[in-house]
Amino acid sequence: MDRVLVEVLITASLLSLSAVITTSSSLIFARATQLTEELSSEKALYYLAGTIKGAVAASITSGKNITTSISFQNPIVVEGEGGHLKLRLEGSVRSIYIGVNVEGGGTGRVFQITASPNLVRISPIAP
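What counts as what
Here, residues in each chain are numbered from 1, in the same order as that chain's written sequence. With pLDDT at 70 or above as the cut-off, local features in this predicted model cover only qualifying residues; side-chain atom pairs require 80 or more to be listed or tallied, and sums for whole chains, interfaces and linings still use all residues. Only hydrogens and water are set aside when side-chain values are computed; all heavy atoms of the structure are taken into account. To form a nonpolar core, buried Ala, Val, Leu, Ile, Met, Phe, Trp, Tyr and Cys residues must be joined to one another through side-chain atoms within 4.5 Å. Only protein chains enter the accessibility calculation, which uses a 1.4 Å probe. A residue is then buried if its area is under 20% of the maximum for its type, exposed if over 50%, and partly exposed in between. Note on definitions: a residue-residue contact is assigned when non-hydrogen atoms from the two residues lie within 4.5 Å. Stacked, edge-to-face and tilted labels apply to pairs of Phe, Tyr and Trp rings (six-membered ring for Trp) whose centres lie within 6.5 Å, assigned for plane angles under 30 degrees, over 60, and everything in between, in that order. Helix and strand assignments come from DSSP, with helices taken as H or I runs of at least 4 residues and strands as E runs of at least 2, each series counted from the N terminus. Distance thresholds for patches are 9 Å for like charges and 5 Å for nonpolar side chains (Val, Leu, Ile, Met, Phe, Trp, Tyr), applied to residues having over 30% relative accessible area and no salt bridge. Residue exposure ignores everything except the shown protein chains as possible cover, and the areas themselves are Shrake-Rupley values with a 1.4 Å probe. Here, a salt bridge means any side-chain nitrogen of Lys or Arg that lies within 4 Å of a carboxyl oxygen of Asp or Glu.

A. Expanded view of the nonpolar core. Core analysis: the biggest nonpolar cluster contains 22 residues, and Leu48, Ile52, Val78, Leu85 and Val120 have the highest contact counts within it. Residues in contact with Leu85, not counting those within four places in the same chain, are Leu45, Leu48, Ala49, Ile52, Val78, Glu79, Arg94, Ser95, Ile96, Ile98 and Val102.

Okay, here's the thing in structure tokens:
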């Protein structure tokens, strides 16, 4: 083979390899971003559920309704359906059973939680 043909083949091979590496890197980055968002959603859901359970425990102990608020970095969508709490963050939906009737919900960064021993009301607070 002559030298020009070898150089063309090497160049084409390197370009193909670089395209494969670039594509796989972008796929890995997209997957890592998705996993980070899912983890953030799950962390927010457990944080919200823990706050609700703490308010219910304080309400049971004191015998009075307890009102508290919770805030998040990014806007989220919260839905209460019976004993389930649903949270939506950037298209992903997470759900958890918390064992207390939850009413209300909405979209926002800051939420007010009013807890009695058997019912929790959650509503967004306007900024």
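What follows picks up the thread again.
B. Expanded view of the packing of aromatic side chains. Inspection of the entire model under this criterion finds two aromatic pairs. Ring plane angle 70 degrees and centroid distance 6.4 Å describe the contact between Phe72 and Phe111, whose orientation is recorded as edge-to-face. Within this pair, whereas Phe72 is found in strand β1 (residues 66-89), its partner Phe111 is found in strand β2 (residues 92-115), the two being separated by 39 residues in sequence. You'll find Phe72 and Phe111 in the same group, each marked buried. Cluster of aromatic residues (ring-pair linked, three or more members): Tyr47, Phe72 and Phe111.

C. Just a nonpolar patch on the surface, in detail. Together, Val6, Ile10, Leu14, Leu17 and Ile21 make up a nonpolar patch on the protein surface, roughly 450 Å² of accessible area in all. Checked against the element boundaries, Leu14 lands in helix α1 (residues 3-62). For Leu14, a relative accessible area of 53% corresponds to the exposed category.

D. Broad picture of the environment of Glu81. Mapped onto the fold, Glu81 is located in strand β1. Accessibility expressed as a relative area gives 40% for Glu81, which makes it partly exposed. For Glu81 and Gly104, which are 23 residues apart along the polypeptide, the C-alpha to C-alpha distance reads 8.1 Å.

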